[in-house]
2 protein chains.
Amino acid sequence: MKNNLEIYADVDNCPIRNVLDRIGDKWSMLVLLVLNESDVLRFNEIHKVIGSISQKMLSTTLKNLEADGLIEREVYPVIPPKVEYRLTARAESLIPHLLSLAEWAKDNFIPIKQSRERFGS
Amino acid sequence: MKNNLEIYADVDNCPIRNVLDRIGDKWSMLVLLVLNESDVLRFNEIHKVIGSISQKMLSTTLKNLEADGLIEREVYPVIPPKVEYRLTARAESLIPHLLSLAEWAKDNFIPIKQSRERFGS
DNA sequence: AGTATTACTTACTTTTGGGTAAGTGCTTGA
DNA sequence: TCAAGCACTTACCCAAAAGTAAGTAATACT
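Keep in mind the model is a prediction, meaning the values are calculated, not measured.

The next point concerns the overall build of chain A. Summing up its helical and strand segments, chain A has six helices and three strands in all. When the helices and strands of chain A are placed in sequence order, the string is α-α-α-β-α-α-β-β-α. At 18 Å, chain A has a C-alpha radius of gyration far larger than the 14 Å of a compact globule built from 121 residues. Along the first, second and third principal axes, the C-alpha atoms of chain A reach 55 × 35 × 25 Å. Put simply, chain A has 121 residues, and 45% of those count as buried. For chain A, the computed accessible surface area is about 6,400 Å², with 50% contributed by carbon and sulfur atoms.

Once that is clear, we can look at the nonpolar core. By size, the foremost hydrophobic cluster in this structure holds 70 residues, and its most contacted members are Leu32 of chain A together with Leu32 of chain B. When near neighbours in sequence (up to four residues on either side) are disregarded, Leu32 of chain B contacts Ile23, Leu65, Leu70, Ile71, Leu87, Ala91, Leu94, Ile95 and Leu98 of chain B.

Taken together, the neighbourhood of DNA strand C is formed by 21 residues, with Gln55, Ser59, Arg73 and Tyr85 of chain A together with Lys56 of chain B sitting nearest. Near-protein atoms of DNA strand C (within 4 Å) split between backbone and bases, with sugar and phosphate holding 66%. With respect to DNA strand C, the side chain of Arg42 of chain A contributes an N or O atom lying 2.8 Å from a phosphate oxygen. Between DNA strand C and Ser59 of chain A there is a distance of 2.4 Å, counted from a phosphate oxygen to a side-chain nitrogen or oxygen. Sorting the residues of the surface near DNA strand C by element identifies helix 4 (43-50), helix 5 (55-67) and strand 3 (82-87) of chain A together with helix 5 (55-67) of chain B as the ones contributing at least two each.

Residues and elements named next belong to chain B. Structurally, Glu84 can be placed in strand 3 (residues 82-87). Polar contacts involving the side chain of Glu84 include one to the side chain of Arg86, which spans 3.3 Å. Excluding anything up to four places from it in sequence, Glu84 contacts Val40, Leu41, Arg42, Glu72, Arg73, Glu74 and Tyr76.

With that out of the way, let us pick up helix 6 (residues 89-119) of chain B. All names here are of chain B. Between the first and last C-alpha of helix 6 there are 42 Å, a value that for 31 residues agrees with the 45 Å anticipated at 1.5 Å per step. Taken as a whole, helix 6 carries its principal kink of about 55° at Asn108; the proline Pro111 stands between one and four residues after it. Looking one or two residues past helix 6, Gly120 carries a phi angle of roughly 80°, positive in sign.

The pair of chain copies shares a relation made of a rotation about an axis and a shift along it. Once chain B has been moved 0.0 Å along the axis and rotated by 180°, it coincides with chain A to within an RMSD of 0.1 Å. Look at the turn and shift together and you get a two-fold axis relating the two. Of the C-alpha atoms belonging to chain B, the one lying closest to the rotation axis is found on Gly24 of chain B, 2.2 Å away. A high fraction, 100%, of the interface residues of chain B reappear at the interface in chain A, so the copies pair face to face through one surface.

Residues and elements named next belong to chain B. The sheet built from three strands is open, its strands ordered 1-3-2 with antiparallel pairing. In this open sheet, the two edge strands, each paired with only one partner strand, are strand 1 (40-42) and strand 2 (71-76). Sheet twist, expressed as the average angle between the axes of neighbouring strands with direction ignored, equals 25°. Taken together, the three bridges between strand 1 and strand 3 define a ladder with antiparallel strand orientation. Paired with Leu41 across the bridge in strand 3 is Tyr85.

Pairing between side chains becomes possible if they bear opposite charge and their charged atoms approach one another. Taken as a whole, this structure holds ten salt bridges over all chains when the rule is applied. For Arg86 of chain A, the salt bridge identified is with Glu74 of chain A, shortest N-O distance 3.8 Å. In this pair, Arg86 of chain A sits in strand 3 while Glu74 of chain A sits in strand 2 (residues 71-76), placing the two residues twelve residues apart along the sequence. The class of Glu74 of chain A is partly exposed, set by a relative accessible area of 37%. A salt bridge links Lys82 of chain B to Glu84 of chain B, with the shortest nitrogen-to-oxygen separation between them at 3.9 Å. Lys82 of chain B gets classed as partly exposed once you look at its relative accessible area, which sits at 28%. Here the salt bridges share partners, and the residues they tie into one network are Glu74, Lys82, Glu84 and Arg86 of chain A.

Calculation rules
Residues numbered from 1 in each chain as written. Chains lettered and ligands numbered in written order. Predicted model: local features only at pLDDT ≥ 70, side-chain atom pairs only at ≥ 80, totals over all residues. Heavy atoms only, no water. Helix = DSSP H or I, 4+ residues; strand = E, 2+ residues; numbered from the N terminus. Rg over C-alpha atoms; globule rule 2.2 N^0.38 Å. Buried < 20%, exposed > 50% of the residue type's maximum accessible area, 1.4 Å probe, protein only. Areas by Shrake-Rupley, 256 points an atom, 1.4 Å probe, with all protein chains shown as cover. Core = buried A, V, L, I, M, F, W, Y, C linked by side-chain atoms within 4.5 Å. Contact = heavy atoms within 4.5 Å. Near = heavy atom within 4 Å. Polar contact = N/O pair within 3.5 Å; in protein donor to acceptor, adjacent residues only side chain to side chain. Expected span 1.5 Å × (residues − 1). Bend = angle between axes of the 7 residues up to and from the residue. Least-squares fit on C-alpha atoms with pLDDT ≥ 70 in both. Pairing = 2+ DSSP bridges. Axes fitted to C-alpha atoms, helices over the stretch in contact; angles between N-to-C directions. Salt bridge = Lys/Arg side-chain N within 4 Å of Asp/Glu carboxyl O.

Dropping the structure here:
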């Protein structure tokens, strides 16, 4: 059993930790879900839809997702610039898991908030 | 469609953001998976199994999970102290989603690492 | 000549997460 | 008398995450 668990401890070689570090950051999952609903979006469109994200964070989040092969960036060499973002097949295979997690979150949101209140600070 | 997405933007009222902020931290998911495999564990047992977690972080992680109603803390009034932790039914309903996410992570770990290398920086 | 548009970057600051090391309280056993 | 065991807490520190505001490049439109 311990062997079974040891894998989790090492950040670099643990797939779950490695992937969750990315997905679990402040904006990545949100951007993936947004792109999933809209098929294809430009930088400023994502920015407007999310609203509260800064340009800087959107830029680095998109870069990270692209590095992981979860989104594709298509640049049109025009002026003013035009860049389109869409999910890759890899991301599409991830989406169902995110959605099922999101559904659990929705179903359990109220009771969890109640638990937190009961627990106090 | 915009209405569909607006919900994600507000941290306090978005279930996904709210739950993922907790699950997505450095240790919570790991502790849940560890408890899932072992049924019931004491503080120092979890500490030993994970190995790399500090007592301080284990303590706050357990406190947060308890506040969310995901683990139960049972205190035996003996000396030296004895405290047992186990998953609640709520956590058990979450576990399958975490495991399916973990499986996706395992399946996609290699290609993702390759993507990252190809991408450079 | 000046403004708008688009997709960013850069410099700077603040906030948060998390690590380290030591301390606490109480009892049992050597 | 003193170390050991357990489940923590506390004080302090550091690095990374994230926010703010401004700047950039190139062209078209007025």
